[in-house]
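Single-letter residue listing:
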Amino acid sequence: GSMNRQGRSPHTRHGGGSTGKTNKDKTTASPGRTPPLPSSSSQHTGNESPSLVLGPLGPRWSSGELDAFFHAFRRCGEHWEALAARLPQRTATMVEALYRAHKGYLSLPDASAAHFC
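Small disclaimer: the values here were computed from a predicted structure and weren't measured.

Conventions adopted
Residues numbered from 1 in each chain as written. Predicted model: local features only at pLDDT ≥ 70, side-chain atom pairs only at ≥ 80, totals over all residues. Heavy atoms only, no water. Salt bridge = Lys/Arg side-chain N within 4 Å of Asp/Glu carboxyl O. Helix = DSSP H or I, 4+ residues; strand = E, 2+ residues; numbered from the N terminus. Buried < 20%, exposed > 50% of the residue type's maximum accessible area, 1.4 Å probe, protein only. Core = buried A, V, L, I, M, F, W, Y, C linked by side-chain atoms within 4.5 Å. Contact = heavy atoms within 4.5 Å. Expected span 1.5 Å × (residues − 1).

Participant: How should the pattern of salt bridges be read in this particular structure?
Facilitator: Opposite charge on two side chains makes pairing possible when the charged atoms of those side chains draw close. Across all of its chains, the model carries two salt bridges by this definition. In this structure, the salt-bridge partner of Arg90 is Glu65, at a minimum N-O distance of 2.8 Å. Taken as a pair, Arg90 in the loop between α5 (80–86) and α6 (92–101) and Glu65 in helix α4 (residues 63–76) lie far apart in primary sequence, 25 residues in all. On the basis of relative accessibility, which here comes to 15%, the residue Glu65 falls in the buried class. Here Arg100 ties to Glu96 by a salt bridge, and the two come within 2.6 Å at their closest N and O atoms. In this pair, Arg100 and Glu96 both sit in helix α6, four residues apart, roughly one turn of the helix. For Glu96, a relative accessible area of 23% translates into the label partly exposed.

Here it is, written out as structure tokens:
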């Protein structure tokens, strides 16, 4: 039994020596802090702003959807939930984004579905 205790005590002393190595590791840790710089390359995903621009509109609108939106907009006005209810593939956010993208044309008194699509 006493042999095991003696076997453990050198390990404890060695562990104390490894604390000295930990201090050296801290010095290596500061260059180790430079790898987070490549994580700034994750900002490249933020540079994919074209997909973010398309985000609010969702997938490309078909001419049928645009036609349905135009007529629904003429009936409902800026009631995005009501418009979205008539467009099963679209959310209120997408409908509002489409309106904002074409607000100038939609505000014209002689705007027509044929020219809108």
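The rest of the description comes next.
Participant: Please explain the nonpolar core as it appears in this structure.
Facilitator: Nonpolar side chains in soluble globular proteins generally cluster together in the buried interior. Among the nonpolar cores identified, the biggest contains 20 residues, and Trp61, Phe69, Leu83, Val95, Leu106 and Phe116 are the most heavily contacted of them. Every element with two or more residues in this core is listed here: α4, α5, α6 and α8 (113–116). The element best represented in this core is α4, accounting for six residues. What Leu83 contacts, discounting residues up to four positions off in sequence, is Phe69, Ala72, Phe73, Cys76, Gly77 and Val95.

Participant: Any chance you could explain α4 here in plain terms?
Facilitator: For an α-helix, 3.6 residues make a turn, and residues three or four places apart therefore share a direction. The end-to-end C-alpha separation of α4 is 19 Å, in line with the 20 Å expected for 14 residues at 1.5 Å each. Turning to α4, its buried residues number three or more, namely Glu65, Leu66, Phe69, Phe70, Ala72, Phe73 and Cys76. Contacts made by the buried residues of α4 are with α5, α6, α7 (103–106) and α8. Immediately downstream of α4, the backbone of Gly77 shows phi near 70°, a positive value.

Participant: Can you help me understand the side chain of Arg90 in this one?
Facilitator: Under the relative-accessibility criterion, Arg90 is labelled buried at 7%. Setting aside anything within four residues of it in sequence, one finds Arg90 in contact with Leu57, Gly58, Pro59, Arg60, Trp61, Glu65, Ala84 and Val95.

Participant: What is the right way to look at α6 in this model?
Facilitator: Looking at α6, one finds that the buried residues are Ala92, Met94, Val95, Ala97, Leu98 and Tyr99. Here the buried face of α6 lies against α4, α5, α7 and α8.

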